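Take a look at the letters that make up each chain.
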Amino acid sequence: MVQRYRAWYGFALALAISIAAWDTASLWALGGQSFASSGETQIPGLSNEIPVFNGDFEAESPSKPPPGWSIWGPPSTKNPEHFVRDLENPHTGRACLRIFHPAGSNNYVVTDPTHAIRPQPRRKYQISFWVRADQSRQAVFAIHAYRSVRPLKDAPSPGRFILEVQPTWKPFSFEFEEGLDFFADESPYWLLGFEAVRDRRQQGTLWVDDIRVTSYPSTTPPLLRLSEVDYKPLNHRLTPGHSLDLTIDFARRWGKANRQISGISFHRVAGWTGQPFDRQGRFTLPESLHRAIRELRLPMTRFYAVGAEPFSVGESLDKIAWLCEGLGIPREWTVIELEEQSADSKLPPEDWARAVRHSLEKGYGFRFWEIANEPYMGKAFPTPTDYVEHFQRVSQAIREVAPEHQVGIAIHPQNVRWGNLVLKLAAGRYDFVVGHYYADAWIFRQPFEEVVITENMRVLDHILRLNAVIRAYNPGREVYQLDTEWGLHASGPNGERADYVNRNANVWGLLHRAIRMIYYAREGMLHGASSWQMLSRVSGQGFAILFSDAPESRSMLYWLYWHFNRHLGTELVSFEGMAPFHTPASSEDRALAGPLTPVLVTADGSQLFAVIANGSWQQSVPMRIRFRDFRPGSVRGVILSDDQLDGEPKLDRQQPFVRVFSPEITGGELRGKIPPHCVIFLTINPAPTG
């Protein structure tokens, strides 16, 4: 089995398929505060109790699961006999709920959507229950949050929590405060969910009883609300029309293109594929892979868990510096993260200071230090406050050694407590923010356009809003975002992890990433971006760039980066015009409408480059490009496309995925037709003068 290198998605996103659709956003969020695990918690001033329909399981019924509850997960493994009302050993009353989880299955139980909890502004909510298990292990309690329940539309969740359960009944209690842990307008529907085991490979039984939800007024000042923050919406640079009709103004420039957004991240120094180094510290990249990475011309990369290798931090940094030099990756744009990748342990500040001092003494040029990888996922930081305290100690230690170096804080961009609150608590201490902007889509239910356009617009809008929040919390300081992992991330129809879902890296992932990078390079909402991930195996192609066990093969995404980095000039060239737009079917998502064919135009000297993506699965788009202060003399075009929705990302040869695109030059204009689901790269040379 392929080692899962990203703990967050490794156990979370493979869990969630609803009866009719994937339940994804609720598994993105971790936060909240556990207040009790060894006795009932009494909070003075409770104003009311919110009924949980059949939360005590006393309602007599032969239905399986009991009334008010639903089985979610893959239909192929759904078994009502595994979710039953148990009369043998309730905590109180006559009955409780028994959940049986067969090893390797992905089903769990939630409160039925018809009985969703409706949280209100400026209220606190306490959720308590009792559980026991057939043996001591870890189980899961989660709040699944939605913008709507008919149909289900994901929303940021207040939390997903690991429960240490045992064979005797044990109480748990969690408290969530509107404005600190969640926002009611963003997450207006809650379902309560229970999973019998944390590790899906285990078999286990869990009993649940006496679920209560109580509410009382909140008096704590709220955080800044993303829905109310003042920000500039995404600029599409195009207006709606029937064709792509552009005028490029060569003499007018919008500024520098963001050339740092098309990086690709490594896993570790001794990565999970045994590359680029093995655990004995030996260099293991074959020449074909070394050459292939160098030919990508990467502007940025990132390594994590640098301090968790079987050799010293100094040796790890030596190896990264040597590797980057050989691959042509700028060391000053290589982000370094030291701590264990699953955030189950942390390093003392002096270890960080020692690593920075080693880099300075060797003249390596590393300057970006990311403190912890996804700290919301592991045991090292039980609460955001724990992480912020650690971050502050580490950042101070780094600045004492290298005041000019940049220190980054890791947030969960979709979680209020692990995102917004962390930004506020640590304000003034971080230079950059790391959000990991994976797009999680219902990829087997949503139309192609929704995945590659609408979900990108959702992520980009969120980044812009968070930029405004960051500015508000850090007045007078230049703070920016760097994304060190991103990509299309969706689980499969039967609970397959995203690593094994080809759509994440085939033509779906191709268009999703191309459209994202067009906006990243043009609009500059991030300082830099390095996507996931450099090395995979043929058995798991969901984020594939290159394959450790097929070193001569390349993936579809490989060729996207190969061409993108050759068609990204230094300056943004102004253009205006129109293009067909995709408007989401949902009325509440109409603001996320965007061009079917987003465009990036850049220049180096007298040479023009254009990158154009068509995010429609079926619609070809006529193209006409006119020029001011520029007369085209010749054009070279390349198109990337594939017609298989479920094709393998792995390619043993470029063609026909990579082929020539030949627009016509007529009367000083460029004309052609952009096929559906493709990315086009144009190099336009000026006509000779004189």
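Quantities reported herein were computed from a predicted structural model and do not represent experimental measurements.

Participant: Kindly report on unusual backbone geometry, identifying the contributing residues and their values.
Facilitator: Backbone phi values are negative for most residues with the exception of glycine, while trans is the configuration of most peptide bonds. Here lysine 64 and proline 65 are connected by a cis peptide whose omega angle stands at 5 degrees. Along the chain, the position of proline 65 falls in the loop between β2 (48-50) and β3 (69-72). That bond from arginine 150 to proline 151 is cis: its omega, 0 degrees, falls within 30 degrees of zero. Tracing the backbone through its elements, the reader meets proline 151 in the loop between β8 (137-149) and β9 (152-154). The phi dihedral of alanine 305 is positive, around 55 degrees, even though this residue is not glycine. Within the secondary structure, alanine 305 is located in the loop between β17 (301-303) and α3 (313-327). The phi torsion at alanine 372 lies on the positive side, around 80 degrees, for a residue other than glycine. Mapping alanine 372 onto the fold places it in the loop between β19 (368-371) and α5 (384-401). Looking at alanine 372, the relative accessible area reads 1%, which means it is buried.

Participant: Can you lay out the packing of aromatic side chains for me, pointing to particular residues and giving the numbers?
Facilitator: Within this structure, the stated rule accounts for 38 aromatic pairs. Consider the rings of phenylalanine 141 and phenylalanine 161, whose centres lie 6.3 Å apart with planes at 15 degrees: the pair is stacked. Here phenylalanine 161 lies in strand β10 (residues 160-165) and phenylalanine 141 lies in strand β8, a separation of 20 residues in the sequence. Judged by relative accessible area, phenylalanine 141 falls into the buried class, the value being 0%. Take phenylalanine 161: its relative accessible area is 10%, and that puts it in the buried class. Of the aromatic side chains, those joined through ring pairs into one cluster are Phe57, Trp69, Tyr125, Phe129, Phe141, Phe161, Phe172, Phe174, Phe176, Phe182, Trp190 and Phe194. One Lys or Arg, arginine 118, reaches over the ring of tyrosine 189 and ends 4.0 Å from the middle of that ring. The ring of phenylalanine 250 carries arginine 253 above its face, with NZ or CZ at 4.6 Å from the centroid.

Calculation rules
Residues numbered from 1 in each chain as written. Predicted model: local features only at pLDDT ≥ 70, side-chain atom pairs only at ≥ 80, totals over all residues. Heavy atoms only, no water. Helix = DSSP H or I, 4+ residues; strand = E, 2+ residues; numbered from the N terminus. Buried < 20%, exposed > 50% of the residue type's maximum accessible area, 1.4 Å probe, protein only. Phe/Tyr/Trp six-rings, centres within 6.5 Å; stacked < 30°, edge-to-face > 60°. Lys NZ or Arg CZ within 6 Å of the ring centre and 35° of its normal.

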